[in-house]
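Inside the fold
Here's the letter readout for the chains.
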Amino acid sequence: MTSRTLPIDDRLYRYVLAHSVREHPELAALREATRDHPHAGMQIGPDQGQFMALLVRLLAAKRTIEIGTFTGYSALAVALALPDGGHLLACDISDEYTRVGRPFWRRAGVEHKIELVLAPARQTLDARLAAGEAGTYDFAFIDADKAGYDAYYERCLQLMRPGGVIAFDNTLWGGAVAAPAQDADTAALQALNDKLHGDERIDLSLLTVGDGLTLARKRLP
Ligand code: CA
């Protein structure tokens with residue numbers, strides 16, 4: 001029988017958390033502060049945050065992008081993994097949500113690494129491309145409106161250096177992607193998953209981490 005991903009029940013997930021996660025105190029505090037937020041489910045799990053931090057270090061990333069910051073947990077996880085001169089371009093449209101994270105970024109000593117731009121991400125990415133930043137980023141995390149993923153992907157792919165990695169969140173969408181789509185978000189994720197699978201510009205892996213995390217590495221020319 002082929003080895004496959006284990007079903008993760010609550011007990012096993014607790015074991016994973018206990019044997020993998022080394023959460024910075026400000027990350028733990030920010031997670032706690034967001035726990036009762038009506039959209040708390042939008043926040044990535046601590047195991048995923050740590051995985052992304054490891055990825056940033058494996059890539060020796062210095063210049064990174066995030067599309068969809070919410071209350072700032074993933075931005076803090078990435079910023080903590082960046083070297084002191086590292087940079088995260090954080091794109092979001094909500095001042096109300098992102099303002100929750102800033103005091104935690106400051107107390108963790110990484111606020112200077114995070115450039116938060118409150119504007120539609122397409123606009124922000126287009127401005128960076130127009131400013132000549134194509135090929136200068138090492139890592140991007142896309143976790144925003146699902147209908148926008150493809151537009152964010154095309155722009156981030158231009159902004160990545162060859163060998164740079166784009167991570168897409170929620171690519172399994174609670175399992176809904178495996179059934180006929182009942183809504184626009186599911187259909188958008190299905191179309192993206194199909195496109196990425198056949199896309200010769202990247203190497204990829206769809207990981208069963210969190211709600212599905214696809215890694216796409218920009219191929220060398
Ligand atoms: Ca998400």
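A brief look at the structure comes next. (Residues numbered from 1 in each chain as written. Predicted model: local features only at pLDDT ≥ 70, side-chain atom pairs only at ≥ 80, totals over all residues. Heavy atoms only, no water.)

Turning next to the coordination of the calcium ion. At 2.3 to 2.8 Å from the calcium ion lie its protein donor atoms, namely Asp143 (OD), Asp143 (OD), Asp169 (OD) and Asn170 (OD1). Along the chain, the residues donating to the calcium ion are arranged with the sequence spacing D-x25-D-N. Accessibility assignment for this pair places Asp169 and Asn170 in one class, buried. (Donors = N, O, S within 2.8 Å, 3.2 Å for Na, K, Ca; no water. Buried < 20%, exposed > 50% of the residue type's maximum accessible area, 1.4 Å probe, protein only.)

Moving on, we get to helix α4 (residues 73–81). Taking burial as the measure, the 9 residues of α4 include 8 buried ones, the bulk of the element. Here α4 has its buried residues at Tyr73, Ser74, Ala75, Leu76, Ala77, Val78, Ala79 and Ala81. (Helix = DSSP H or I, 4+ residues; strand = E, 2+ residues; numbered from the N terminus.)

This part covers the pattern of salt bridges. One pass over the structure, following the stated rule, counts 18 salt bridges. Between Asp143 and Lys146 there is a salt bridge, and its shortest N-O distance comes to 3.6 Å. The class for Asp143 is buried, based on a relative accessible area of 12%. Notably, a salt bridge pairs Arg219 with Asp203, separated by 2.7 Å at the nearest N-O pair. Here Asp203 lies in strand β6 (residues 202–207) and Arg219 lies in the segment after β7 (213–218), a separation of 16 residues in the sequence. On the basis of relative accessible area, Arg219 is assigned to the partly exposed category, the value being 34%. Assessed through its relative accessible area of 29%, Asp203 is described here as partly exposed. Shared partners join several salt bridges into a network, and the residues in it are Asp150, Glu154, Lys195, Asp199 and Arg201. (Salt bridge = Lys/Arg side-chain N within 4 Å of Asp/Glu carboxyl O.)

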